[in-house]
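Fold and geometry: a report
Residues per chain, in single letters:
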Amino acid sequence: MQHLEAVKAQHGFGPGAGYVATQLPQVQFFWSTQTVPRAPLIYNAGIVLILQGHKIGYLGDHVFTYDPDHYLVVSLPTPFDCATFATAEDPMLGLFINIEPAELRSLAPLVDSDTLSPTAAPLGLSPAPADAELKGSVDRLLKALCSEAESQALGNGIVREILFHALKGPHGPALQALAKSDSHYDRVARSITLIREHYPDNISVDALAETAGMSAPVFYRAFKSITGSSPLQYLKATRLSRAKGLLLEGGIGVAEAAHMVGYENAAHFSREFKKHFQVSPKEAQSSGYHPIDL
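Residues numbered from 1 in each chain as written. Predicted model: local features only at pLDDT ≥ 70, side-chain atom pairs only at ≥ 80, totals over all residues. Heavy atoms only, no water.

Digging into the overall build of the protein
- The number of helices and strands found in the protein is 12 helices and 10 strands.
- Rg of the C-alpha trace for the protein: 19 Å, near the compact-globule value of 19 Å for 294 residues, within the 12% margin.
- With the C-alpha coordinates aligned to their principal axes, the bounding extent of the protein is approximately 50 × 45 × 35 Å.
- Expressed as a percentage of its 294 residues, the buried residues of the protein come to 52%.
- Contacts in the protein between residues at least 24 apart in sequence constitute 72% of all its contacts with a sequence separation of at least 6.
- Accessible surface, the protein: about 13300 Å² in total, of which carbon and sulfur atoms supply 52%.
- Here the protein contributes 23 positively and 29 negatively charged side chains, and the mean placements of these two sets differ by 6 Å. (Helix = DSSP H or I, 4+ residues; strand = E, 2+ residues; numbered from the N terminus. Rg over C-alpha atoms; globule rule 2.2 N^0.38 Å. Buried < 20%, exposed > 50% of the residue type's maximum accessible area, 1.4 Å probe, protein only. Contact = heavy atoms within 4.5 Å. Areas by Shrake-Rupley, 256 points an atom, 1.4 Å probe, with all protein chains shown as cover. Lys, Arg positive; Asp, Glu negative; His and termini not counted. Charge placed at Lys NZ, Arg CZ, Asp CG, Glu CD.)

Quick word on the packing of helix α5 (residues 172-179) against helix α6 (residues 184-198)
- For the pair α5 and α6, interaxial distance at closest approach is 6 Å and the crossing angle is 70°. The angle between α5 and α6 places the two elements in the roughly perpendicular class. By crossing handedness, the relation of α5 to α6 is classed as right-handed. For the pair α5 and α6, contact is made by Ala174, Ala177 and Leu178 and by Tyr185, Asp186 and Ala189, respectively.
- Residue composition of the contact of α5 with α6, by class: 5 nonpolar, no polar and 1 charged. (Axes fitted to C-alpha atoms, helices over the stretch in contact; angles between N-to-C directions. Parallel < 35°, antiparallel > 145°, perpendicular 65-115°, else oblique. Left-handed = near helix turned anticlockwise from the far one by under 90°. Nonpolar A, V, L, I, M, F, W, Y, C, P; charged D, E, K, R; others polar.)

Let's talk about the sheet that holds strand β5 (residues 54-59)
- The strand order across the open sheet built from 4 strands is β3-β8-β5-β6, with neighbouring strands paired in antiparallel fashion. At either margin of the open sheet sits one strand with a lone partner, and together these are β3 (36-43) and β6 (62-66). Looking at each pair of strands side by side, their axes are set apart by 30° on average, direction ignored.
- Note that β5 and strand β8 (residues 78-85) share 5 bridges and pair antiparallel. (Pairing = 2+ DSSP bridges.)

Examining the side chain of threonine 22
- Mapped onto the elements, threonine 22 comes out in the loop between β1 (17-21) and β2 (27-32).
- A residue is classified by how much of its surface remains accessible, and threonine 22, at 16% relative accessible area, is buried.
- Only 2.9 Å separates the side chain of threonine 22 from the backbone oxygen of valine 27, close enough to count as a polar contact.
- Filtering out sequence-adjacent residues up to four positions away, threonine 22 remains in contact with Val27, Gln28, Phe29 and Leu145. (Polar contact = N/O pair within 3.5 Å; in protein donor to acceptor, adjacent residues only side chain to side chain.)

Thoughts on the pattern of salt bridges
- Across all of its chains, the model carries 8 salt bridges by this definition.
- For arginine 160, the salt bridge identified is with glutamate 103, shortest N-O distance 2.4 Å. Placement of arginine 160 in helix α4 (residues 148-168) and of glutamate 103 in helix α2 (residues 101-107) is noted, with a sequence separation of 57 residues between them.
- With a relative accessible area of 29%, arginine 160 lands in the partly exposed category.
- By relative accessible area, which is 29% here, glutamate 103 ends up partly exposed.
- The partner of glutamate 161 in a salt bridge is arginine 140, and the shortest N-O contact between them spans 2.5 Å. Within this pair, whereas glutamate 161 is found in helix α4, its partner arginine 140 is found in helix α3 (residues 132-145), the two being separated by 21 residues in sequence. (Salt bridge = Lys/Arg side-chain N within 4 Å of Asp/Glu carboxyl O.)

As for the packing of α6 against helix α8 (residues 216-227)
- Look at α6 against α8: their axes get within 10 Å of each other, and the N-to-C directions meet at 90°. One finds that α6 runs roughly perpendicular with respect to α8. Where α6 abuts α8, its residues His184, Tyr185, Val188, Ser191, Ile192 and Ile195 lie against Val218, Phe219, Ala222, Phe223, Ile226 and Thr227.
- Residue composition of the contact of α6 with α8, grouped by class: 9 nonpolar, 3 polar and no charged.

Remarks on α8
- Between its first and last C-alpha, α8 extends 16 Å over 12 residues, near the 16 Å set by a 1.5 Å rise per residue.
- Listed in full, the buried residues belonging to α8 are Phe219, Ala222, Phe223, Ile226 and Thr227. Down the axis of α8, the buried side of the element spans an arc of 105°, and every buried residue falls inside it.
- Against β5, β8, α6, α7 (205-212) and α9 (231-249) lie the buried residues of α8.
- Once α8 ends, the next one or two residues include glycine 228, with phi positive near 85°. (Expected span 1.5 Å × (residues − 1). Arc of directions from axis to C-beta.)

Here is the structure:
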């Protein structure tokens, strides 16, 4: 991309990994200068654009690559595993665009439903080919992000343009469903909001189904078909991801982190943590790396 080097020079992405806010609140850069083995993470609903390098995602039996030629559409916040491939000489750099529901609802009616693919995957996330139009819009967004004035004057319009291209792409049907106020996507999204805002609490599948306005069996099937995991698996992944973040922030011990995310028994928490991340909480705390959770 024409303006990628200017972005790298301006932001000076240093060694390690992390993310950086931009002039636009719904847009963030993320990067890594090291290869990171497969590990769980959660993206919010949004569009993930890899500008340099690549990642491999794992959602159940579904394995996918996203790179400069394949962007990721996350129609619902979904826990999945991800491996990052990067070195200090050849870092991975990406851009995350949060999907604003109001913007999505305003754009969805403008896309001709006859052009939408009927075979789009029902999962909450999957990569899609980046065509020339989308790449051109992303490059113009990079240029705008190098200037405060251009960001304020042009940025929101370019972001809207990128979302419009995503609506016309292979995962347009999932985004269209999310834009509808009473679809399964919208109902599952309500339950996910409950999980992400109240994950330390004792949340049952029945309570989640009630929030979604669905019977428990129908809700369970819809949740798993959209996110790739069961509701309780999603809740556990959310708790463990938050716990890992707390441990890496420092200042608290394993038992306290376990309690803060909803575990009553620290030993049980440690066993589930190690099974999920392949390292113990103490080993994770000393590693200094936490997968990006946007």
